[in-house]
Amino acid sequence: MPLLEVQQVDVFYGDFRAIAGVSLSLQAGEVLALIGANGAGKTTLLRTVTGLLKPRSGRICFEGADVTALPAEELARRGVAMVPEGRMLFPSLTVEENLQMGTLTRRKGAWTLDTVYDIFPVLKDLRQRNAMQLSGGQQQMVAIGRALLSNPRLLICDELSLGLAPLVVEEIYRTFERIRGADLSIVLVEQDVARACAVSDRVSCLLKGQVTLQGASRAMELSQVTAAYFGE
Ligand code: ATP
């Protein structure tokens, strides 16, 4: 049974269909990268999977249960955690206080402050600092650590690399190799096609709200992905 199944989903903003008949599935332990040009619908799809937006038609199943109608808080309780675009840290709180926000919808599991500091040692040294005093990369680590502290089964990451130096992005993606596992699957949006293929098991390409290409990352030819990306 797949961990996540999106079946023929349509999402509208008013009369505008931002997601049109999208289907995808994710097995436990897999990393799926969503790629696509600006406005393709990637963020809309992520927000739909987390329950923040509701599809007009289609179905979303998580751990075999139909969760289409459930509110975002309930999905969070069931183990869907989002690292939002722009990181959305609490500016007046310290690093550690921001991390602890992740425990509000906590499931049973192995993630604790200590295991997060183990993955991102720099955060331990900075734990009493105000979150806004950190570099962009460090703030991104806090956003990921906060999500992990809820002990998610599905970690959803929107454009982690936005505005970060390539080396920092690499460092963050390297940690994904350590955090993924039978109990943690990842869906990520990544603008850099080569990087998206490198860090994932499978790739889905969106164009104008539709999936134009889907398959194993290893088997993807860059020319094929580029064609799907631009709709050629
Ligand atoms: P980006 O890489 O720019 O974040 P994206 O692939 O994530 O793009 P979305 O942000 O999901 O794309 O947007 C998909 C489409 O829906 C775009 O045409 C966008 O203009 C439109 N859209 C997004 N949010 C809204 C909204 N709140 N109201 C109306 N239209 C919206």
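What you see is a predicted model, and the numbers here were worked out from it, not measured in a lab. (Residues numbered from 1 in each chain as written. Predicted model: local features only at pLDDT ≥ 70, side-chain atom pairs only at ≥ 80, totals over all residues. Heavy atoms only, no water.)

Student: Tell me about the overall build of the protein, residues and numbers included.
Tutor: A tally of helices and strands in the protein yields nine helices and 10 strands. Its C-alpha radius of gyration of 17 Å places the protein within 12% of the 17 Å reference for a compact globule of 232 residues. Dimensions of the protein, computed from C-alpha atoms along their principal axes, come out at roughly 50 × 35 × 35 Å. Here the protein holds 232 residues, and the buried ones make up 53% of them. A separation threshold of at least 6 residues defines the contact pool for the protein, and within that pool the share at least 24 residues apart is 67%. Split by element, the accessible area of the protein, about 10600 Å² in all, is 52% carbon and sulfur. With 24 positive and 25 negative side-chain charges, the protein shows a spacing of 3 Å between the two charge centroids. (Helix = DSSP H or I, 4+ residues; strand = E, 2+ residues; numbered from the N terminus. Rg over C-alpha atoms; globule rule 2.2 N^0.38 Å. Buried < 20%, exposed > 50% of the residue type's maximum accessible area, 1.4 Å probe, protein only. Contact = heavy atoms within 4.5 Å. Areas by Shrake-Rupley, 256 points an atom, 1.4 Å probe, with all protein chains shown as cover. Lys, Arg positive; Asp, Glu negative; His and termini not counted. Charge placed at Lys NZ, Arg CZ, Asp CG, Glu CD.)

Student: Can you break down the layout of surface pockets residue by residue, with the values?
Tutor: A volume near 650 Å³ is recorded for the largest pocket. Every residue lining the largest pocket is counted, 23 residues in all, and those nearest its centre are Ala 76, Val 80, Ala 81, Met 82 and Pro 84. Contributions of two or more residues to the lining of the largest pocket are made by helix 1 (42-49), helix 2 (72-77), strand 6 (80-83) and helix 6 (136-148). (1 Å grid on protein atoms, 1.4 Å probe; cavity = no way out; pocket = protein on both sides within 12 Å on 5 of 7 lines; lining within 4 Å. Points joined across faces, edges and corners; volume = space filled by probe spheres on them.)

Student: Outline the site of the ligand, supporting the account with residue identities and numerical values.
Tutor: Contacts to the ligand come from 13 residues, most closely from Gly 39, Gly 41, Lys 42, Thr 43 and Thr 44. Within the side chain of Thr 44, a nitrogen or oxygen atom sits 2.5 Å from an oxygen atom of the ligand. Burial of the ligand by the surrounding chains reaches 59%, relative to a free accessible area of 630 Å². Contributions of two or more residues to the shell around the ligand are made by strand 2 (16-26) and helix 1. If one sorts the elements of the shell around the ligand by residue count, helix 1 sits on top with three residues. For the shell around the ligand, a count of residues per class yields five nonpolar, six polar and two charged. (Near = heavy atom within 4 Å. Polar contact = N/O pair within 3.5 Å; in protein donor to acceptor, adjacent residues only side chain to side chain. Nonpolar A, V, L, I, M, F, W, Y, C, P; charged D, E, K, R; others polar.)

Student: Just give me the short version of empty space enclosed by the protein, but keep the residues and values in it.
Tutor: One pass over the structure, following the stated rule, counts two cavities of 30 Å³ or more. Counting only elements with at least two residues in the lining of the largest cavity, the list comes to strand 3 (31-35) and helix 1. The biggest single contributor to the lining of the largest cavity is helix 1, with three residues. Broken down by class, the residue content of the lining of the largest cavity amounts to nine nonpolar, no polar and no charged. Reported here for the second largest cavity is a volume of approximately 30 Å³. What lines the second largest cavity is simply Thr 48, Val 49, Gly 51, Leu 53, Lys 54, Pro 55, Ile 60, Val 67, Thr 68 and Leu 75. Of the residues in the lining of the second largest cavity, the class split is six nonpolar, three polar and one charged.

Student: Can you tell me about the environment of Val 203, naming the residues and giving the values?
Tutor: Within the secondary structure, Val 203 is located in strand 9 (residues 202-207). C-alpha of Val 203 to C-alpha of Val 187: the two residues are 16 residues apart in sequence and 9.6 Å apart in space. Those residues in contact with Val 203 that lie beyond four places of it in its chain are Leu 32, Ala 33, Ile 35, Ala 196, Cys 197, Leu 213, Gln 214, Gly 215, Ser 217 and Met 220.

Student: I'd love a proper account of the sheet that holds strand 6, names of residues and values included.
Tutor: The strand order across the open sheet built from six strands is 6-7-8-3-9-10, with neighbouring strands paired in mixed fashion. Since the sheet does not close on itself, it has two edges, and those belong to strand 6 and strand 10 (210-216), each with one partner. The mean angle between the axes of side-by-side strands here comes to 15°, regardless of whether they run parallel or antiparallel. Note that strand 9 and strand 10 share six bridges and pair antiparallel. Pairing of Leu 206 across the sheet is with Val 211, part of strand 10. Taken strand by strand, helix 1 contacts strand 3, strand 6, strand 7 (154-158), strand 8 (185-189) and strand 9, and its axis lies near 155° from that of strand 7. Together, strand 3, strand 9 and strand 10 form the strand contacts of helix 9 (residues 222-230), whose direction differs from that of strand 9 by roughly 30°. (Pairing = 2+ DSSP bridges. Axes fitted to C-alpha atoms, helices over the stretch in contact; angles between N-to-C directions.)

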